[in-house]
Amino acid sequence: IYTGTTPVNHAIISNNWYDKFLKKSIYCVDDSNYNTVGNNGKGGKKSPNRMLTTTVTDQLRLAHNMDGKTMGVAVKDRSAILPAGHAANAAYWFDGGSKGDWITSSYYMNELPGWVKKFNDSKIVDNYLKHPWKTLYDINTYTESIADDNNFEEPFTGEEKPIFPHNIPKLRSKNNNYSIIKAIPAGNSLTTDFAKATIIGENLGKSAYTDFLAVSYSSTDYVGHQFGVASKEIEDTYLRLDKDLANLFQFLDKQVGEGNYTLFLTADHAAVQVPAYLQSVKIPANYFSYKKFKEFVNNITLKYFKSDALVENISNFQIFLNKEKIEALNLNTNTVAQKIADEVINYKNIYKSVTARTLQTTTFTTGILNSLQNGYNQKFSGDVLLIPDPSTLSTYYKDGGTSHGSGYSYDTHI
């Protein structure tokens, strides 16, 4: 949304991905060149530097010759940093853990503004965590969700069942203390509070220039992952988010003035129904074991190329080849990649497989291969890219909850 493009250009190919240059998994906004501002932890060693394009927020700053302010706010670091762009005045996120502070990175500044320190000192977050999470309305009126007590959700640590009410004061110590607020609707309320404090503290919307505040509500994502898209918890979270949005809009009308601001509302993704739930109602869905799949791929390379050391990493439904090993064996990378792509299509739950070379030399104009191509970055993506069957998740989610990340409409339609 903010870059106006896809990973083929902006290069953020996932939240985390295998970096074939560093030979390790990396996180999209980690940056050891910068330090945490706001506490002594490592949560602020971040920047937008892995994003290779500008954003609408960057372009606004450029258009005003760097006058006007751009800020990003979210409980998730990446959701504050990337929308705010490279030229942002600030991005703030919630650090959780033992302190529960909003922090930033030395990429933006060397010290928190007074208003942020004041917000942290107020410990508003403690007020939210004093109360159990109960449904906003009578749970019997929640008709957009399945039964509260089911086998498809992941309870909080220390909880016997994932059902209402969730005793947050009792559970917080076993769920990384302040971080539990990210996974309940109060995380969105806290984000609203901080967004309002940002507008007041920075006097946004009052100058001769256009300011931009990028706010991401991340708790819907945390709740969705843990409880699934058909849960009472996610229904309650959206009912409460509706009230948080109303709160913010009414504040904007009063603080900035009706007609003096432009607002857009969108989302980054949806998610699949919990596969185990789909299976229970006889709809095709599956879980995918990366460990078993890697054994399968290694057997392919052993059979055709006499080596089971040609694959360096398999993650995010991508296969990264060991170029040094392939070269040492006088093999051709494209030949190895194509053979793997031809063979893995026979593996259960792999729906399509395509090599990087194919994506570089063929244009897919429609369908899921078009989505895959838009998400493929020649420099950073893998050598073989895979599309699983619909409603297929990693076995990581077999104990409950759900995820997203495919090109299927249940993930991409918002």
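Up top you'll find the structure we're talking about.
My aim in this report is to walk through the structure given alongside it, one point at a time. All residue numbers refer to position in the chain's written sequence, counted from 1. Predicted model: local features are reported for residues with pLDDT of at least 70 only, side-chain atom pairs are reported and counted for 80 or more only, and whole-chain, interface and lining totals are derived from all residues. Hydrogens are left out, water is left out, and the side-chain values use all remaining heavy atoms of the structure.

**Some thoughts on the overall build of the protein**
Then step 1. Numbering goes from the N terminus for both helices and strands, where a helix is a DSSP run of H or I of at least four residues and a strand is a run of E of at least two. Secondary structure summary: the protein contains 16 helices and 13 strands in total.
Then step 2. Using C-alpha atoms as the atom set, the radius of gyration is obtained and then compared with a globule rule of 2.2 Å times the number of residues to the power 0.38. The C-alpha atoms of the protein give a radius of gyration of 23 Å, which matches the 22 Å a tight globule of 414 residues would have.
Then step 3. C-alpha atoms of the protein, sized along the principal axes, occupy 70 × 55 × 40 Å.
Then step 4. The buried share among the 414 residues of the protein stands at 51%.
Then step 5. By the convention used here, residues are in contact when the closest approach between their heavy atoms is within 4.5 Å. Of the contacts formed within the protein by residues at least 6 apart in sequence, a portion of 66% connects residues at least 24 apart.
Then step 6. Carbon and sulfur atoms make up 49% of the accessible area of the protein, which amounts to about 20100 Å² in all.
Then step 7. Taking the average place of the 42 positive charges on the side chains of the protein and the average place of its 42 negative ones, the gap between the two points comes to 5 Å. Burial classification: accessible surface area is computed with a 1.4 Å probe over protein chains only, and a residue below 20% of its type maximum counts as buried, one above 50% as exposed, and the rest as partly exposed. All accessible-area figures derive from a Shrake-Rupley calculation using a 1.4 Å probe, and residue coverage is judged against the displayed protein chains alone. For the purpose of charge, His is not counted, nor are the chain termini; Lys and Arg are scored as positive and Asp and Glu as negative. Lys charges are placed at NZ, Arg charges at CZ, Asp charges at CG and Glu charges at CD.

**Examining the layout of surface pockets**
Then step 1. Using protein atoms alone on a 1 Å grid, points that fit a 1.4 Å probe yet trap it form a cavity, whereas open point sets bounded by protein on both sides within 12 Å along at least five of seven lines form a pocket; residues with an atom within 4 Å of a point count as lining. Grid points are joined across faces, edges and corners, and a volume is the space filled by probe spheres set on the points. In this model, the second largest pocket occupies a volume close to 410 Å³.
Then step 2. In terms of lining, the second largest pocket is formed by 15 residues, of which the most central are Glu154, Ala183, Tyr222, His225 and Gln226.
Then step 3. Classifying every residue of the lining of the second largest pocket by side-chain character gives 7 nonpolar, 6 polar and 2 charged. Under the scheme applied here, ten amino acids are nonpolar (Ala, Val, Leu, Ile, Met, Phe, Trp, Tyr, Cys and Pro), four are charged (Asp, Glu, Lys and Arg), and all others, including Gly, are polar.

**Remarks on the packing of aromatic side chains**
Then step 1. Pairing of aromatic rings covers Phe, Tyr and Trp, the last counted by its six-membered ring, and requires centre-to-centre distances within 6.5 Å; plane angles under 30 degrees mean stacked, over 60 mean edge-to-face, and any other angle means tilted. Counted according to the given criterion, the structure contains 25 aromatic pairs.
Then step 2. Consider the rings of Trp102 and Phe194, whose centres lie 4.1 Å apart with planes at 5 degrees: the pair is stacked. Here Trp102, found in strand S6 (residues 102–105), pairs with Phe194, found in helix H7 (residues 186–201); they are 92 residues apart in sequence, far enough to count as distant.
Then step 3. Aromatic side chains Tyr396 and Tyr397 sit 4.9 Å apart centroid to centroid with 80 degrees between the ring planes, which places their arrangement in the edge-to-face category.
Then step 4. Taking relative accessible area as the criterion, Tyr396 reaches 65% and is therefore assigned exposed.
Then step 5. A relative accessible area of 17% means that Tyr397 is categorised as buried.
Then step 6. Within the aromatic cluster, the residues linked to one another by ring pairs are Tyr92, Phe94, Trp102, Trp115, Phe119 and Phe194.
Then step 7. When the ring centre of Tyr178 is taken as reference, the NZ or CZ atom of Arg172 above it lies at 4.6 Å.
Then step 8. Any Lys NZ or Arg CZ that is within 6 Å of a ring centre and within 35 degrees of that ring's normal is treated as a charge sitting over the ring. Over the ring of Tyr304 we find Lys339, and its NZ or CZ is 4.3 Å from the ring centre.

**Concerning the environment of Asp31**
Then step 1. The topology assignment puts Asp31 in the loop between strand S2 (24–27) and strand S3 (36–37).
Then step 2. Overall, the relative accessible area of 10% leaves Asp31 in the buried class.
Then step 3. A sequence separation of 13 residues divides Asp31 from Gly44, and the C-alpha atoms of the two residues are 8.8 Å apart.
Then step 4. Those residues in contact with Asp31 that lie beyond four places of it in its chain are Lys45, Lys46, Ser47 and Asn49.

**What to know about the nonpolar core**
Then step 1. By nonpolar core is meant a set of buried Ala, Val, Leu, Ile, Met, Phe, Trp, Tyr and Cys residues that side-chain atoms within 4.5 Å join together. If you look at the biggest cluster of nonpolar residues, it comprises 62 residues, and the most contacted ones within it are Tyr92 and Trp102.
Then step 2. The greatest single-element share of this core, amounting to 7 residues, is contributed by helix H9 (residues 232–257).
Then step 3. Counting 21 residues, the second largest nonpolar core, distinct from the first, contains Phe293, Phe305, Leu310 and Leu386.

**Here's the deal with the sheet that holds strand S5 (residues 90–94)**
Then step 1. The strand order S3-S6-S5-S4-S7 describes an open sheet built from 5 strands, whose pairing is mixed. Both edges of this open sheet fall to S3 and strand S7 (212–216), since each of them pairs with a single strand only.
Then step 2. A pair of strands is treated as paired once DSSP finds two or more bridges between them. Bridge count for strand S4 (residues 70–74) against S7 is 5 bridges, and the pairing is parallel. When the bridges of S7 are listed, Val73 appears paired with Val215.

**Concerning the packing of helix H11 (residues 290–305) against helix H13 (residues 333–344)**
Then step 1. Between H11 and H13, the shortest axis-to-axis distance is 10 Å and the interhelical angle comes to 125 degrees. Accordingly, the angle class assigned to the pair H11 and H13 is oblique. Judged by the sense of rotation from one axis to the other, the crossing of H11 with H13 is right-handed. Facing H11, whose interface residues are Phe293, Phe296, Val297, Ile300, Thr301, Tyr304 and Phe305, H13 presents Thr335, Val336, Lys339, Ile340, Glu343 and Val344.
Then step 2. A class-by-class count of the residues in the contact of H11 with H13 yields 9 nonpolar, 2 polar and 2 charged. Lines fitted to the C-alpha atoms define the axes, with helices restricted to the stretch that makes contact. Angles between their N-to-C directions range from 0 to 180 degrees. Small angles under 35 degrees read as roughly parallel and large ones over 145 as roughly antiparallel, with 65 to 115 read as roughly perpendicular and the rest as oblique. A crossing counts as left-handed when the near helix is turned anticlockwise from the far one by less than a right angle, and as right-handed when that turn is clockwise.

**Examining the environment of Ala208**
Then step 1. Residue position: Ala208 is located in the loop between H7 and S7.
Then step 2. Spatially, the C-alpha atom of Ala208 lies 7.9 Å from that of Gly68, the residues being 140 residues apart in sequence.

**Details of H7**
Then step 1. Taking 1.5 Å of rise per residue, 16 residues should cover 22 Å, and H7 covers 22 Å from first to last C-alpha, within 8% of that figure.
Then step 2. Downstream of H7 by a residue or two, Asn203 has a phi angle that is positive, lying close to 55 degrees. Expected span of a helix: the number of residues minus one, times 1.5 Å.

**Describing the pairing of S4**
Then step 1. When you tally the buried positions in S4, you get 5 out of 5 residues, the bulk of the element.
Then step 2. Pairing of S4 with S5, which is carried by 4 bridges, proceeds in the parallel orientation. For Ala74, the partnering residue across the bridge sits in S5 and is Trp93.
Then step 3. Handedness of the crossover is the feature at issue here: the chain leaves S4, passes through helix H3 (residues 77–84), returns alongside S5, and the resulting connection is right-handed. Handedness is read with the strands pointing away from the viewer; a crossover is right-handed when the path from the first strand over the helix to the second is clockwise.

**Looking at the packing of H7 against H9**
Then step 1. Contact pair H7 / H9: the axes reach a minimum separation of 9 Å and the direction vectors enclose 10 degrees. Accordingly, the angle class assigned to the pair H7 and H9 is roughly parallel. The segment H7 lies against H9, with Asn188, Ser189, Thr192, Ala195, Lys196, Ile199 and Ile200 engaging Thr237, Leu241, Asp244, Asn247, Leu248, Phe251, Leu252, Gln255 and Val256.

**Comments concerning the sheet that holds strand S9 (residues 311–315)**
Then step 1. An order of S9-S10-S12-S11 is seen for the 4 strands of this open sheet, with the pairing classed as antiparallel. What marks the edges here is a single partner per strand, and that holds for S9 and strand S11 (350–355). Strand-to-strand, the axes of this sheet are offset by a mean angle of 20 degrees, without reference to chain direction.
Then step 2. In this sheet, strand S10 (residues 318–321) lies alongside S9 in antiparallel orientation, the contact comprising 4 bridges.

Purely geometric numbers; function is a separate question.
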